[in-house]
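An overview of the molecular structure
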Amino acid sequence: MEPITTHTGVGVPLKQSNVDTDQIIPAVFLKRITKTGFDDALFHAWRKKDDFVLNQEPYRHGTVLVAGPDFGTGSSREHAVWALKDYGFRVVVSSRFADIFYSNAAKQGLVAAKVAQPDVELIFKELEKEPGTEVTVNLESRTVRCGSVEATFEMDNYTRWRLMEGLDDISLTLRQEAAITTYETTRGAFKPTTLPAKV
Amino acid sequence: MAENSAEMPLTLAEKVWRDHVVVRGEEKDGQRSPDLLYIDLHLVHEVTSPQAFEGLRLANRPVRRPDLTIATEDHNTPTLEIDKPIADPTSRKQVDTLRANCEEFGVRLHSLGDANQGIVHVVGPQLGLTQPGMTVVCGDSHTSTHGAFGSLAMGIGTSDVEHVLATQTLSLSPFKTMAITVNGSLKPGVSSKDIILAVIAKIGTGGGQGYVLEYRGSAIEELSMEARMTICNMSIEAGARAGMVAPDQTTFDYVAGRPHAPTGEDWDAAVEYWSSLATDEDAQFDADVVLNADELEPFVTWGTNPGQGVSLSESIPDPAGFHDPVDRESAERALQYMDLAPGTAMKDIRVDTVFLGSCTNARLEDLRAAAEIIKGRQKDPDVSMIVVPGSARVRLDAEAEGIDQVFKDFGAEWRFAGCSMCLGMNPDQLAEGERCASTSNRNFEGRQGKGGRTHLVSPVVAAATAIRGTLSAPSDVTADAPVPA
Ligand code: SF4
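Residues numbered from 1 in each chain as written. Chains lettered and ligands numbered in written order. Predicted model: local features only at pLDDT ≥ 70, side-chain atom pairs only at ≥ 80, totals over all residues. Heavy atoms only, no water.

Remarks on the overall build of chain A
Put simply, the rule reads: Comment: elements are numbered from the N terminus, with helices defined as DSSP H or I runs of at least four residues and strands as E runs of at least two. Burial classes follow relative accessibility: with a 1.4 Å probe on protein chains only, a residue under 20% of its type's maximum area counts as buried, one over 50% as exposed, and anything between as partly exposed. Contact definition: two residues touch when any of their heavy atoms are within 4.5 Å. The protein chains shown are the only cover counted for residues, whose accessible areas, like all others here, come from Shrake-Rupley with a 1.4 Å probe. When charges are counted, Lys and Arg contribute as positive and Asp and Glu as negative, whereas His and the chain ends are disregarded. Each charge is placed at NZ for Lys, CZ for Arg, CG for Asp and CD for Glu.
Helix and strand content of chain A: eight helices and seven strands. Overall, chain A is about 65 × 40 × 25 Å in size when its C-alpha atoms are taken along their principal axes. Relative to its full complement of 199 residues, chain A shows a buried share of 60%. Sequence separation of 24 or more characterises 66% of the internal contacts of chain A that already satisfy a separation of 6 or more. Counting only carbon and sulfur atoms, one obtains 50% of the accessible surface of chain A, whose full area is about 8,000 Å². Between the averaged position of the 24 positive side-chain charges in chain A and that of its 27 negative side-chain charges there is a distance of 5 Å.

So, in structure tokens, the structure goes:
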């Protein structure tokens with residue numbers, strides 16, 4: 001995972017609430033068994049419409065998606081994060097994220113910046129006033145800057161640290177191997193196992 | 001979430017959490033890094049696992065506990081001609097990949113054609129693998145279903161699937177807790193699906209974010225396990241990470257005697273532990289929501305998120321009356337997609353298709369309830385109905401009771417088990433513009449097929465709707481014509 005401290009790129013206003021994971025990437029694309037190559041799948045239904053924001057210059061090459069509240073609701077599909085990243089997005093700004101989306105994003109180095117709704121509205125205004133305006137996100141200072149707007153965003157220290165260090169979760173956990181093994185000896189004998197199979 | 005001191009009263013969720021902490025997060029700058037939690041059961045299916053297994057292979061890591069892992073095929077599987085190879089090459093590839101991965105990593109798999117194949121959230125409980133007080137995860141958001149047993153059950157993304165396969169743990173930040181108290185008792189014709197749809201309409205699709213919900217109160221206590229699963233299943237639709245119900249005698253009776261249920265002394269030890277998990281009397285929740293079951297009627301959605309719903313006897317609200325501009329815009333957009341006008345009585349809406357299926361409402365009890373309504377009646381000739389049991393076992397059990405025949409006589413199609421039209425990854429999809437009364441959990445744009453329109457309903461409302469052709473309550477059917485002798 002690439003460490004990320006700051007990012008600057010064209011802001012894309014997606015003025016909708018409840019952008020659910022079926023809109024971000026419809027289920028048909030979940031049949032793939034690879035982890036990359038989902039850029040064509042992103043917002044698949046909406047991208048067929050000429051007036052969709054990503055079909056317009058200068059948004060086509062945007063890297064910071066600014067969306068209404070409750071972004072990423074719905075399924076646990078990490079493909080939603082892969083698709084956003086494959087398309088080129090590095091940051092999503094919204095006042096509220098679905099929990100699973102938020103945690104998936106952190107694991108893939110996609111910054112999900114929680115900015116208060118009034119500030120999101122101000123950013124929308126800036127982006128509409130001057131399409132193509134760049135948005136800068138700084139994890140160090142937890143700020144989002146866009147034109148004359150400067151807003152802070154919420155992010156817990158641990159998520160921020162992992163994003164800034166680009167750390168892989170599994171190797172971090174495997175440092176705790178001894179503790180896991182100890183825990184296993186204390187589990188109740190009545191706890192079920194899937195093997196041997198009983199049917 | 002409260003600290004884990006021995007004297008402190010705790011909620012159900014906090015107790016289960018406490019008992020699974022392998023390494024506690026470190027306190028730094030007033031914030032705590034996540035706890036490392038042990039995972040008791042990991043459910044796997046073909047859609048969210050290939051990249052996780054691939055990750056293990058690349059890092060040369062084994063599955064740490066194949067004996068706490070189980071896989072089944074559900075999302076891509078056809079519901080017709082299951083003895084033939086899967087026609088869609090990409091679906092087939094995904095299922096074949098799961099088979100190869102399970103073989104390679106020693107994971108137990110229930111494949112298409114096996115009596116224990118089916119939707120992953122139906123299979124776990126039915127085998128007795130889901131038990132109270134466990135941590136259960138799956139690369140699927142509706143893992144919240146298993147919370148009905150008083151387990152902490154969460155959907156995870158593919159990176160976490162790989163993490164659990166490799167380490168049998170998950171790194172998680174403590175959640176807040178919300179009590180959803182449902183007082184009173186449900187009236188006849190009103191079901192647990194209506195409770196959860198009403199809860200989501202009340203707190204919104206983001207209302208549960210950051211919370212584990214605990215459903216409690218007399219109406220919840222009176223529910224069967226299957227009905228509790230329906231409620232917990234849709235916790236995710238309120239944005240919650242999980243939903244739970246305290247284990248009680250109903251829970252124990254459901255688990256007892258299932259293939260993987262404890263026996264003998266283990267059973268006694270288990271029941272003793274399970275009985276200790278209920279929320280302590282003076283434990284504090286971070287938020288409280290109260291509903292009265294007596295006031296609930298069958299509920300149905302009119303929009304494109306599960307929070308956009310009303311009682312079936314009501315009309316479509318006028319977005320102009322919504323105070324919040326975000327809600328207003330979302331409602332306007334939803335009505336346009338749904339091709340519906342404000343003020344239309346819900347019961348005047350005609351549907352083309354009825355889907356009885358999904359991990360929300362395709363267990364035996366759901367099929368029985370729907371069959372009860374349609375028995376001896378005829379389907380509206382313009383409506384098509386497909387019935388997709390949640391698992392192959394449910395299908396077999398229903399057939400043993402003759403329920404399949406009731407559906408067939410009615411004119412519905414009796415299919416093989418799987419996710420089917422809940423998300424249309426297999427050929428079961430709505431056509432563009434088609435309108436469906438569906439017992440599933442998501443009415444998102446295009447979820448059941450491109451351009452398809454979904455109204456979420458309970459199994460009995462689905463049945464009544466199939467009879468009358470318009471969204472209907474069971475009581476409308478009995479009012480039309482008395483129950484046939
Ligand atoms: S039935 Fe629907 S919601 Fe349930 S696991 Fe399958 S696709 Fe997901």
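Some points on the nonpolar core
Condition: We call a set of buried residues a nonpolar core when its members are Ala, Val, Leu, Ile, Met, Phe, Trp, Tyr or Cys and they connect through side-chain atoms within 4.5 Å of each other.
Residues F53, L152, M178, I180, V182, Y215 and W274 of chain B are the most contacted members of the largest nonpolar core, which totals 79 residues. Looking at which element gives the most residues to this core, the answer is helix 6 (residues 192-203) of chain B, with seven residues. In contact with M178 of chain B, other than residues within four places in its own chain, are I203, G207, G208, Y211, V212, L213, E214, F285, A287, D288 and V289 of chain B. Grouped together as the second largest cluster of nonpolar side chains are 55 residues, V19, V53, L84 and Y102 of chain A included.

Here's the deal with the site of the ligand
Short version of the rule: Summary of the distance rule: residues count as near a molecule or strand when at least one heavy atom falls within 4 Å of that molecule or strand. In this analysis a 1.4 Å probe is tested at points of a 1 Å grid over the protein atoms alone, and where it fits but cannot get out there is a cavity; an open set with protein on both sides within 12 Å along at least five of seven lines is a pocket; lining residues have an atom within 4 Å of a point. In this scheme, a molecule is assigned to a cavity or pocket if more than half of its atoms are within 2 Å of the grid points.
Near the ligand you find H75, I119, H121, D140, H142, S358, C359, C419, C422, L423, N441 and R447 of chain B, and these make up its full shell. According to the grid-proximity analysis, the pocket containing the ligand is the largest cavity.

Points about empty space enclosed by the protein
Basically, it comes down to this: Grid points are joined across faces, edges and corners, and a volume is the space filled by probe spheres set on the points. Here the nonpolar group is Ala, Val, Leu, Ile, Met, Phe, Trp, Tyr, Cys and Pro; Asp, Glu, Lys and Arg are the charged ones; every other residue, Gly included, is treated as polar.
What the rule picks out here adds up to six cavities of 30 Å³ or more. As a volume, the largest cavity reaches approximately 220 Å³. Residue lining of the largest cavity: 23 residues in total, with S75 of chain A together with H75, D140, L423 and R447 of chain B positioned closest to the centre. Across the lining of the largest cavity, the residue classes tally to eight nonpolar, eleven polar and four charged. Volume-wise, the second largest cavity comes out at about 160 Å³. What lines the second largest cavity is a set of 16 residues, among which S17 and N18 of chain A together with T304, R333 and E445 of chain B lie closest to the centre. Ranked by residues supplied to the lining of the second largest cavity, first place goes to helix 11 (residues 325-338) of chain B with four residues.

What to know about the sheet that holds strand 8 (residues 135-138) of chain B
All names here are of chain B. Short version of the rule: We call two strands paired when DSSP finds no fewer than two bridges between them. The angle between two axes is taken between their N-to-C directions and runs from 0 to 180 degrees, where each axis is a line fitted to C-alpha atoms and a helix contributes only its stretch in contact.
Spatial ordering of the open sheet is given by 7-6-5-8-9, a layout of five strands whose pairing is parallel. Each edge of the open sheet carries a strand with a single partner, namely strand 7 (108-110) and strand 9 (152-155). Each strand of the sheet is rotated relative to its neighbour by a mean of 20°, with strand direction disregarded. Two strands pair when backbone bridges link them, and strand 6 (residues 69-72) and strand 7 are joined in this way by three bridges, in the parallel orientation. Of the residues in strand 7, the one forming a bridge with I70 is R108.

Examining the environment of R435 of chain B
Residue and element names in this part refer to chain B. Note the cut-off: Polar contact criterion, stated in full: a pair of N or O atoms within 3.5 Å, where within protein one must be able to donate a hydrogen and the other to accept it, and residues adjacent in sequence count only if both atoms are side-chain atoms.
Locating R435 in the fold gives a position in strand 20 (residues 435-438). Sequence separation between R435 and G452 is 17 residues; the distance between their C-alpha atoms is 6.2 Å. Ignoring any residue separated from it by four or fewer positions in sequence, one finds R435 in contact with M338, D339, L340, I349, R350, V351, D352, T353, R453 and H455. In this structure the side chain of R435 is engaged in a polar contact, spanning 2.7 Å, whose partner is the backbone oxygen of M338.

Things to note about the sheet that holds strand 11 (residues 176-183) of chain B
Residue and element names in this part refer to chain B. Strand order across the open sheet formed by four strands is 13-12-11-14, with parallel pairing between neighbours. Looking along the sheet, the strands with just one partner apiece sit at the ends: strand 13 (242-245) and strand 14 (287-292). Each adjacent strand pair in this sheet contributes to an overall mean axis angle of 20°, direction not counted. With four bridges joining them, strand 12 (residues 211-216) and strand 13 adopt parallel strand pairing. If you follow V212 over to strand 13, its bridge partner there is A242.

A closer look at unusual backbone geometry
If a residue is not glycine, its phi is most likely negative; likewise, a peptide bond is most likely trans. Residues and elements named next belong to chain A. The omega angle of the peptide bond from E57 to P58 is -5°, so this bond is cis rather than trans. The residue P58 is located in the loop between helix 2 (44-47) and strand 2 (64-67) in this model. Look at the link from L195 to P196: it is a cis peptide, with omega at -5°. Relative to the assigned elements, P196 resides in the segment after helix 8 (177-186). The backbone phi angle of F43 is positive, close to 45°, even though this residue is not glycine. With respect to the helices and strands, the residue F43 is situated in the loop between helix 1 (21-24) and helix 2.

Let's talk about the interface of chain A and chain B
Note the threshold: Buried area is calculated as the accessible area (1.4 Å probe) missing from two parts once they are joined, with the contributions of both summed. Any carboxyl oxygen of Asp or Glu within 4 Å of a side-chain nitrogen of Lys or Arg constitutes a salt bridge here.
Each side of the interface is counted separately: chain A has 64 residues, and chain B has 85 residues. Interface area, chain A with chain B, both sides summed: about 5,900 Å², of which 54% is carbon and sulfur. Across the chain A-chain B interface, the total number found is eight salt bridges. Here K31 of chain A makes a salt bridge to D88 of chain B, at a shortest N to O gap of 2.5 Å. If you look at where chain A meets chain B, you find 39 residue pairs in polar contact (both at pLDDT 80 or more). Those elements that place two or more of their residues in the side of chain A that touches chain B are helix 1, helix 3 (79-87), helix 4 (99-107), helix 6 (157-165), helix 7 (169-174) and helix 8 of chain A. Element by element, the count of residues in the side of chain A that touches chain B is highest for helix 8 of chain A, at six residues. Grouping the constituent residues of the side of chain A that touches chain B by class yields 23 nonpolar, 20 polar and 21 charged.

Quick look at the packing of aromatic side chains
Where two aromatic rings form a pair, the distance of their centres and the angle of their planes describe that pair. Residue and element names in this part refer to chain A. Convention followed: For this analysis, a ring pair means two rings from Phe, Tyr or Trp (six-membered ring only for Trp) whose centres lie within 6.5 Å, classed as stacked if their planes differ by under 30 degrees, edge-to-face if by over 60, and tilted for the remaining angles.
Using the criterion set out here, one finds 18 aromatic pairs over all chains in the structure. Here F97 and F101 contribute two aromatic rings whose centre-to-centre distance is 6.2 Å and whose plane-to-plane angle is 5°, an arrangement assigned as stacked. Given a relative accessible area of 3%, F101 falls into the buried group. Residues F97 and Y102 carry aromatic rings whose centres are separated by 5.9 Å and whose planes lie at 45° to one another, so their mutual orientation is tilted.

A word on the UniProt feature "domain: Aconitase A/isopropylmalate dehydratase small subunit swivel" (unreviewed entry) in chain A
To be explicit about the condition: UniProt positions are given in the numbering used here, feature names are shortened, and annotations may be inferred rather than shown by experiment.
Mapped onto the present numbering, the UniProt feature "domain: Aconitase A/isopropylmalate dehydratase small subunit swivel" (unreviewed entry) falls at residues 1-116 of chain A. The span residues 1-116 of chain A shows a helical share of 22% and a strand share of 18%, and its end C-alpha atoms are spaced 28 Å apart.

Things to note about helix 14 (residues 403-410) of chain B
All names here are of chain B. What counts here: The arc in question is formed by the directions pointing from the helix axis toward the C-beta atoms.
When we look at burial in helix 14, the residues that qualify are I403, D404, V406, F407 and F410. Each buried residue of helix 14 lies within a common arc of 160° when the element is viewed along its axis, so the set occupies one face. Elements that come into contact with the buried residues of helix 14 comprise strand 17 (353-356), helix 12 (364-374), strand 18 (384-387), helix 13 (392-401), strand 19 (413-414) and helix 15 (459-468). Two residues or fewer after helix 14 comes G411, characterised by a positive phi angle close to 105°.

Regarding the pattern of salt bridges
Side chains that differ in charge, positive against negative, can pair when their charged atoms come close. By the definition in use, this model includes 38 salt bridges over all chains. Ionic pairing is found between R145 of chain A and E150 of chain A, a salt bridge with its closest N-O pair at 3.6 Å. With a shortest N-O distance of 2.7 Å, R99 of chain B and E73 of chain B are connected by a salt bridge. On the criterion of sequence distance, the pair formed by R99 of chain B in helix 3 (residues 89-105) and E73 of chain B in the loop between strand 6 and helix 3 is long-range, its members being 26 residues apart. The class for E73 of chain B is buried, based on a relative accessible area of 0%.

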